[in-house]
Amino acid sequence: MFGLAKKILVAAALLSVTNVAFSQGTIKMGALATLEGAFTVLGEDSMRGVRMALEEFNYQAGGKKIELITGSSDASPDSAIRATRKLVEQDGVQVLIGPLSGSEGLAVKDYAKTQPNVTFLNGTSAAQDTTLRSPATNFFRFSTDGAQWMAGLGEYVYKEKGYRKVAVLAEDYSFPYTQVFGFLEPFCRMGGKAPIEARFWVPIGNKDYSSVIAALPDDVDAIYVALGGADAVNFLTQYEQAGGELPLVGGSITVDQTVLGSKGRARDFVIGTPSAGPISDTWDNAGWNAFVAAYKKQFPDGFPSPSLFAHGYYINTKAALLALDKVGGDLSDGGKKLRVTLAALSFDTPTGQVSLDARRQAIADIYLTEVVEGPGGNLLNKTIKVIPQVTQTLGVPYEKFLGYGQVGRENPRCE
Amino acid sequence: MRQFIERHTFWAIVILLAAAVFLWMIFAIWPEWLITALGRKKTFVSTILNGVTLGGLYFLVASGFTLVFGLMRNVNLAHGSMYLLGAYVGYEVAEASGSWFLGLTVAFVAIALSGVLLQVLIFRRMEGDELRQTLVTIGISIIAADLMLAIWTGTTYQFSPPEWLFGAAELPVVSVIKSSGDPVYIKYPVYRLTVLGVAVVVGIALWMFLNRTRIGMMIRAGVNDREMLAASGVNVQLVFALVFAIGAGLAGFAGVVGGTALSIAPGEDIRYLLASLIVVIVGGLGSVTGAAIGALLIGLAEQIGLAYFPTYGVVLTFLIMVVTLALRPQGLMGGR
Amino acid sequence: MDAQRFFSGRTSFTDIHPAKLVVVIFLLAYPTFTSDFFTYQIGAYSLILGTIALSLMMLAGYGGMVSLAQMTVAGLAGYLVAILGVNSVGVMGLGWPWWVTVPVAILAAALFSAFVGAISVRTEGIYTIMITLAIAVAFFYFVRQNYVLFNGFTGYAGVEPPTLFGIYWRDPVPFYYLSLAVAAGFYAAVLYTSRATFGLSLQAIRDNPRRMSALGYNVTLHRIVAYLFAGVIAGTAGVLMVWFNGRISPGSVGVAVVIDILVIAVVGGMRHPSGPFLGAIAFVLLENFAIDLIDRERFNTVIGLAFLLVVLFSPDGLLGLWERIRRRIRFRRPTPAQAGHTQPADRYNADPLERT
């Protein structure tokens, strides 16, 4: 009865011995994204970003070959940690790119602290606290966080659109909190209002917004919507069905390709919605155009234009490769030199220059956009404005920014 | 009815009073104190309507589930997958043909056929072995969910129903009187009202089918005593296959109806499976009337929860289930 | 299988089958020849999942009650450890010492399990699977939406096992032995119970509740006590689980995980307590290494197919499959398991599902 268990264990033990093989001429790089579950599409686009960067370097850095090992999570922190642990402890990766979502990022950062000899670079996870509070010294984020993504939007809708009072509709977890904070902080500082009772926090995955729509106040100028993917599409359709007429302001993933590319009539409704984020489909810039062209050439079956997931993974992978090049692929010191190089690295990306602050968080450009219909009938985010070099603390000193408190349903209070 | 009033005079009065208060709340202009207590009237009326229409949708899904169980004692935990598959199939057909109604029809037929296949190829081989059948349906739902994800990815799909189903209608219910003296009527999406209408029609049709036709009679006889039905010379397997076809077909049908009201995305299978489970546990397994009552209760509980105490909405639904199980383990309308 | 002899002290070293001795030695020596990764993420994790599945095996195999809420019970214990003890997210974290939190968490899990039992055992057998699935899904939605107590979508992080006797109990080797001790303890307990009066009456109730009721047994109480015991097992494993991950969030008690536990128990085999562990090892190995062999994307199809094949063709899981192979190879020598067999040939044909 125990025979089979024994055999499996013996086989497992053998695997563990054979798999730690370590060759001198290659560097093992891990990439972790959500390749299972509902976010699979996003995870796949992330991997395209990683492959693009590697392709650009011909799978070589500092004279060594890069071996890519992929890991998959289902967007839950538990599975992210299990996959990370496997990549690091079993496959022996020395550099790891990932993960994709906010709570995974927080979990991987905590894990990074237990693996000081491995260098971690973020994928697209955008929770503030991954780098803001108790950061890990070996976790680098060359992509921006959820509050940074909103830079300039609050000011824009206050000044240009003339909105003075907005309702807020967002999912009830940390990423939308961060986005709401990033949007409201400047909006309210200028005098805008977002009453607490006009903020609606819906459970993630909620499909039926009719009750929320019924409760939306009539005396606001616009609705700020920070819902992602399916949730956003649902809300938009139901809002139109219910005869809603208020203009919208979008969070970064509300009008991402996932939503713009969705099938159905919700897409018609988002035309004209202002938003902000780390990329813009229509930015007329040589670097960006080359990036999009390379993406399309390499992945004809990908999205019509790279998503912010492909973009984030691309930037972080490229940072790793550039730094590896600089240290000549030398990781014999447990990656110490590599991390010093990474901390000081500053390079040109398809979306402008990126450098890191003292907590290894990116300072980069943010794009203010508005949804327009492209020539082929595709919806696109048209660039209105580029907000240069946005810092994580949105321009105020670190200590003062910490004083704003953790993001949450009532931060800022805005009264 | 009269019997009930005579036997439970007190409760009859309570129920009538409650109904009167409720009707007053729907049609009267709300006084200040009521607005302070419950918020705007528009919210209240919409919430009740949402609850009732959602109940209609839940009934469409759960009636098939309960029908199959009633006759075959088969707890089909792949019912949610059938809902989702129906939605996807209906979407593909509607997109290709441009006709939403064709999508609806094909979804019903296709899922009905898949139900027959399941019954003939798998469940017939393990008749009487309910637990194993249930485990098989779990296995099928795991695989189905993954394959649907492979084919239709994680993208959200939305139907384009005919124009006249889209948009909002003004109800003859006044929410407030404007300062100018003009009444403001409450608007409500036409499509949701249609869902409710469809559910009522399907409910009545099912009832007629079960109570007024020969096959319906056989099915009811089978529910009561399967062996006896077989002994009386009826081809039980044919009846089984037919019931499975109707049950599964209804799930596919509901997939298109529900997918149009909300949207189609991975994870909806679990949501509607859960809804069906709770509806039939509350209503009583095997009873179509029970499914209707359960669906109404759960739909209302969910929407009232979402509107008035969002974080505890699930608890309300759950409480209804626990209280029902404690007082009537067989469900409200469960016979056995 | 010879638990009774073992516990009555009438056993000697020579009675133990050499193969079992090898397994015991192997399990004890395992960390000495494997990497930390294999000790921790494969070894300890399999033991924890196996223990949770063991609680399901006990209910289903001996009691005929397939409860899908066992992961939920474990999750509740894990959540309580984070809520009552220390966490790093700044919500709740009452800071109670571990020797208070752990017993309270396990007790609460056991009571919750008994409650699940109480509301489901009065109905017919097949209802159990539906009610417990509904409870599991409702619990998942609830913890995801409730911020006051469960910290919603984010859940809890920074949950630390105690440092005791100078040992940090999350280090791979100590944690492995801790999990092994818990798993072995409950394994023996379940094996013993199955041969004790309580376990025998439970199996008799599974086979014919009406007869047992007529004989004067309190059927409902027996079943609820079984749930209580299963709750202690799952709750303890839940504490280990939260220490293992250092965190807990709604995803830890999601539908997929709930179903995984069922898959593990069914694939392993529900006739003997070793089945769940066998299933857990297979599951964890597959979970970790499938990505190196096949496209990870279709992992769930593989799991689902394995499950379906087992249900369709080998109702007793890997355990049954192994038995069958062994019987074919050495059909002349009946094993004690066959000689002292008290269970019906096909568990699934047992009576609890019979209409009353």
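Refer to the structure above for everything that follows.
Participant: I keep staring at the overall build of chain B and nothing clicks. Help me out?
Facilitator: A count of helical and extended segments in chain B gives 14 helices and two strands. For chain B, whose C-alpha radius of gyration is 21 Å, the value lies close to the compact-globule estimate of 20 Å for 336 residues. Based on the C-alpha atoms only, the size of chain B along its principal axes is roughly 70 × 55 × 35 Å. The burial tally for chain B puts 52% of its 336 residues in the buried class. Pairs at least 24 apart in sequence give 74% of the contacts found in chain B among residues at least 6 apart.

Participant: Please explain the packing of helix α3 (residues 36–63) of chain C against helix α7 (residues 172–195) of chain C as it appears in this structure.
Facilitator: Helix-helix packing: each pair is described by the crossing angle between the helix axes and the interaxial distance. Residues and elements named next belong to chain C. At a minimum axis distance of 9 Å, the contact between α3 and α7 shows a crossing angle of 20 degrees. Between α3 and α7, the angle falls in the class roughly parallel. The interaxial crossing formed by α3 with α7 has left-handed handedness. Contacts between α3 and α7 involve Asp36, Thr39, Tyr40, Gly43, Ala44, Leu47, Ile48, Gly50, Thr51, Leu54, Met58 and Tyr62 on the former and, on the latter, Pro172, Val173, Phe175, Tyr176, Ser179, Leu180, Val182, Ala183, Phe186, Tyr187, Val190 and Ser194. Across the contact of α3 with α7, the residue classes tally to 17 nonpolar, six polar and one charged.

Participant: Can you help me understand the sheet that holds strand β1 (residues 26–33) of chain A in this one?
Facilitator: Whenever strands of a sheet pair, they do so through backbone hydrogen bonds, lying parallel or antiparallel. Residue and element names in this part refer to chain A. Read from one edge of the open sheet, six strands run β2-β3-β1-β4-β5-β6, paired in mixed fashion. At either end of the open sheet lies a strand with only one pairing partner, and these are β2 (60–61) and β6 (139–140). Inspection of the sheet shows strand β4 (residues 95–97) paired to strand β5 (residues 119–121) by three bridges, in the parallel sense. Directly across from Leu96, in β5, lies its bridge partner Phe120. Across the sheet, helix α2 (residues 40–56) is in contact with β1, β3 (64–72) and β4; its angle to β1 comes to roughly 155 degrees.

Participant: Would you take a moment to explain the nonpolar core for this structure?
Facilitator: The tendency in soluble globular proteins is for nonpolar side chains to be buried side by side. Val61 of chain B together with Ala134 of chain C are the most contacted members of the largest nonpolar core, which has 341 residues in total. Taken domain by domain, this core gets at least three of its residues from each of domain 1 (26–144 + 286–364) and domain 2 (148–277 + 374–403) of chain A. Not counting the four nearest positions on each side in its chain, Val61 of chain B is found in contact with Tyr83, Ala251, Ala254, Tyr272, Ala275 and Ser276 of chain B. In this structure, Phe44, Leu49, Ile186 and Tyr188 of chain B belong to the second largest nonpolar core, which totals five residues.

Participant: Help me understand helix α6 (residues 125–145) of chain C in this model?
Facilitator: An α-helical segment advances 3.6 residues per turn. Residues three or four places apart therefore align on the same side. Between its terminal C-alpha atoms α6 of chain C stretches 31 Å, which fits the 30 Å expected from 21 residues at 1.5 Å a residue. Most of α6 of chain C is tucked away: 21 of the 21 residues are buried.

Participant: Would you explain the interface of chain C and chain B in this entry?
Facilitator: Put simply, an interface is often sized by how much accessible area is lost when its parts join up. Taken together, the 35 residues of chain C in the interface contact 32 residues of chain B. Broken down by secondary-structure element, the contributors of at least two residues to the side of chain C that touches chain B are α6, α11 (255–268) and α13 (299–313) of chain C. Of the residues contributing to the side of chain C that touches chain B, the split by class is 26 nonpolar, seven polar and two charged.

Participant: For this particular structure, what's the right way to read the packing of helix α5 (residues 79–97) of chain B against helix α7 (residues 130–152) of chain B?
Facilitator: All names here are of chain B. Put simply, α5 and α7 touch, their axes get as near as 9 Å, and they point 20 degrees apart. Viewed along their axes, α5 and α7 adopt a mutual orientation that is roughly parallel. α5 and α7 meet at a crossing whose hand is left-handed. Two secondary-structure elements touch here, α5 through Gly80, Ser81, Leu84, Leu85 and Tyr88 and α7 through Ile140, Ser141, Ala144, Ala145, Met148 and Trp152.

Participant: Looking at this model, I keep getting lost on the sheet that holds strand β9 (residues 222–226) of chain A. Mind explaining?
Facilitator: Residues and elements named next belong to chain A. Ordered in space as β8-β7-β9-β10, the four strands form an open sheet in which the pairing is parallel. The outermost strands of the open sheet, each flanked by one partner alone, are β8 (199–202) and β10 (248–250). Shown here is a sheet whose adjacent strand axes are inclined to one another by a mean of 20 degrees, direction ignored. Summarising the sheet, strand β7 (residues 166–171) and β8 pair through four bridges and their orientation is parallel. Bridge pairing in β8 links Leu169 to Phe200.

Participant: Explanation requested: the pairing of β9 of chain A in the structure shown.
Facilitator: A regular strand carries its side chains on alternate faces of the sheet. Residues and elements named next belong to chain A. Across the five residues of β9, four count as buried, placing the element largely inside the fold. Sheet topology places β7 next to β9; five bridges connect them, and they run parallel. Looking at the pairing, Ala167 lines up with Ile223 of β9. Where β9 and β10 come together, three bridges link them in parallel fashion. The partner of Tyr224 across the bridge, within β10, is Val249.

Analysis parameters
Sequence order as written defines the numbering, with residues in each chain counted from 1. Numbering of ligands from 1 and lettering of chains from A proceed in the order in which they are written. Residue-level local features of this predicted model are given only where pLDDT is at least 70; pairs of side-chain atoms are given and counted only at 80 or more, and the full residue set underlies all totals for whole chains, interfaces and linings. Elements are defined by DSSP. Helices are runs of H or I of four residues or more, strands are runs of E of two residues or more, and each kind is numbered from the N terminus. Throughout, radius of gyration means the C-alpha value; the globule benchmark is 2.2 Å times the number of residues raised to the power 0.38. A residue is called partly exposed when the number of other C-beta atoms within 10 Å of its own lies between 12 and 20, exposed at 12 or fewer, and buried at 20 or more, with C-beta atoms placed from the backbone. Remark: residues whose backbone-derived C-beta atoms lie within 7 Å of one another are considered to be in contact. Every axis in this analysis is a line fitted to C-alpha atoms, fitted for helices over the stretch in contact. Angles between the N-to-C directions lie between 0 and 180 degrees. Roughly parallel here means an angle under 35 degrees, roughly antiparallel means over 145, roughly perpendicular means 65 to 115, and every remaining angle is called oblique. Whether a crossing is left-handed or right-handed is set by the direction in which the near helix is turned from the far one by less than a right angle, anticlockwise for left-handed and clockwise for right-handed. Residue polarity is assigned by list, with Asp, Glu, Lys and Arg as charged and Ala, Val, Leu, Ile, Met, Phe, Trp, Tyr, Cys and Pro as nonpolar; anything else, Gly included, falls into the polar class. Two strands pair under a simple rule: DSSP has to find at least two bridges between them. Any set of buried Ala, Val, Leu, Ile, Met, Phe, Trp, Tyr and Cys residues joined through C-beta atoms within 7 Å is what this text calls a nonpolar core. Each domain's extent is set by a domain assignment, obtained either automatically or from a database. In a helix, the anticipated span is given by 1.5 Å times the number of residues less one.

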